Amino acid sequence: GYLGPNGSGKTTTIRMLCGLLVPNEGTAKIMGVDVVRDPEGIKPHIGYMSQKFSLYDDLTVLENLEFYAGVYDIPKENEKARIDEIIHMAELESRTNRLTAELSGGWRQRLALGCALIHNPPLLFLDEPTSGVDPVARRVFWDLIYEMAARGTTVFITTHYMDEAEHCNRVGFMYRSKLLAFDSPTAL
């Protein structure tokens, strides 16, 4: 978990770790790949769900998943099975033919998570995924996070909420672009 107020640098840090922004200084490696020297090399290893939905509103749920399967080069012979897994995991079965624009915030988040997971990355970055959703959708989303972690996916999540940070094995507190503390929630 990565906790801090708005403007503290959480999103910027994630965007640097995902190879989307070049840091002014320093180094970072994701799964042994230098994110500064080889930002494209880390993309197969990570999933990223940004604060703002990166979904296509004029596509259906199924079409968004098919699009991201293509972006991540899911082999055609595996695509349908993987999409079916994602639809089941996110409980989107009854919504596959709905336009994304018609989905509520909670359902859009489930779809965005599914798109970030379509290629089964070992590391998942979630940038304030529960911001602005109702408590029930928030709980469901955390259940999905626990399920992914139980399957071996490492989840790096940013949040404003202290109660969400308590769900994490490790928590970093960030303020004004500085990491102030990093430890287990109990130790902190």
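Data block above holds the structure.
Residues numbered from 1 in each chain as written. Predicted model: local features only at pLDDT ≥ 70, side-chain atom pairs only at ≥ 80, totals over all residues. Heavy atoms only, no water.

## A few points about the packing of aromatic side chains
Consideration 1: As enumerated under the stated definition, the model contains five aromatic pairs in all.
Consideration 2: Centre to centre, the rings of Y56 and F67 are 5.0 Å apart; their planes meet at 75°, and the pair counts as edge-to-face. Of this pair, Y56 sits in the loop between β4 (46-49) and α3 (61-71) while F67 sits in helix α3, and the two are eleven residues apart along the sequence.
Consideration 3: The class for Y56 is partly exposed, based on a relative accessible area of 38%.
Consideration 4: For F67, a relative accessible area of 34% puts it in the partly exposed group.
Consideration 5: Look at F67 and Y68: their rings are 5.3 Å apart centre to centre, the planes differ by 85°, and that puts the pair in the edge-to-face class.
Consideration 6: One cation-aromatic arrangement involves R110 over W107; the distance from NZ or CZ to the ring centre is 4.0 Å.
Consideration 7: Just above the ring of Y161 sits the side chain of R138; from NZ or CZ to the centre is 4.2 Å. (Phe/Tyr/Trp six-rings, centres within 6.5 Å; stacked < 30°, edge-to-face > 60°. Helix = DSSP H or I, 4+ residues; strand = E, 2+ residues; numbered from the N terminus. Buried < 20%, exposed > 50% of the residue type's maximum accessible area, 1.4 Å probe, protein only. Lys NZ or Arg CZ within 6 Å of the ring centre and 35° of its normal.)

## Focus: the sheet that holds strand β5 (residues 123-127)
Consideration 1: Read from one edge to the other, the open sheet built from six strands follows the order β4-β5-β6-β1-β7-β8, with strand pairing classed as mixed. The open sheet is flanked by β4 and β8 (178-183), the only strands paired with a single partner.
Consideration 2: Where β5 lies against strand β6 (residues 154-159), five bridges are found, and the strand directions are parallel. Paired with L123 across the two strands is T154, which belongs to β6. (Pairing = 2+ DSSP bridges.)

## Some words on unusual backbone geometry
Consideration 1: Of note, E91 is a non-glycine position whose phi angle comes to about 55°, a positive value.
Consideration 2: Secondary-structure assignment places E91 in the loop between α4 (76-89) and α5 (105-117).
Consideration 3: Note on E91: relative accessible area 47%, which makes it partly exposed.
Consideration 4: The phi dihedral of E128 is positive, around 50°, even though this residue is not glycine.

## Here's the deal with α3
Consideration 1: All of the buried residues in α3 are V61, N64, L65, Y68 and A69. The buried residues of α3 occupy an angular sector of 140° when the element is viewed end-on, so they sit on one face.
Consideration 2: The elements touched by buried residues of α3 are α4 and α5. (Arc of directions from axis to C-beta. Contact = heavy atoms within 4.5 Å.)

## Quick word on the side chain of E128
Consideration 1: Relative to the elements of secondary structure, E128 occurs in the loop between β5 and α6 (135-150).
Consideration 2: Since its relative accessible area comes to 10%, E128 is described here as buried.
Consideration 3: Beyond its immediate stretch of four places on either side in the chain, E128 contacts N6, K10, Q51, T158, T159 and H160.

Functional significance is not addressed by these values, which are geometric in nature.
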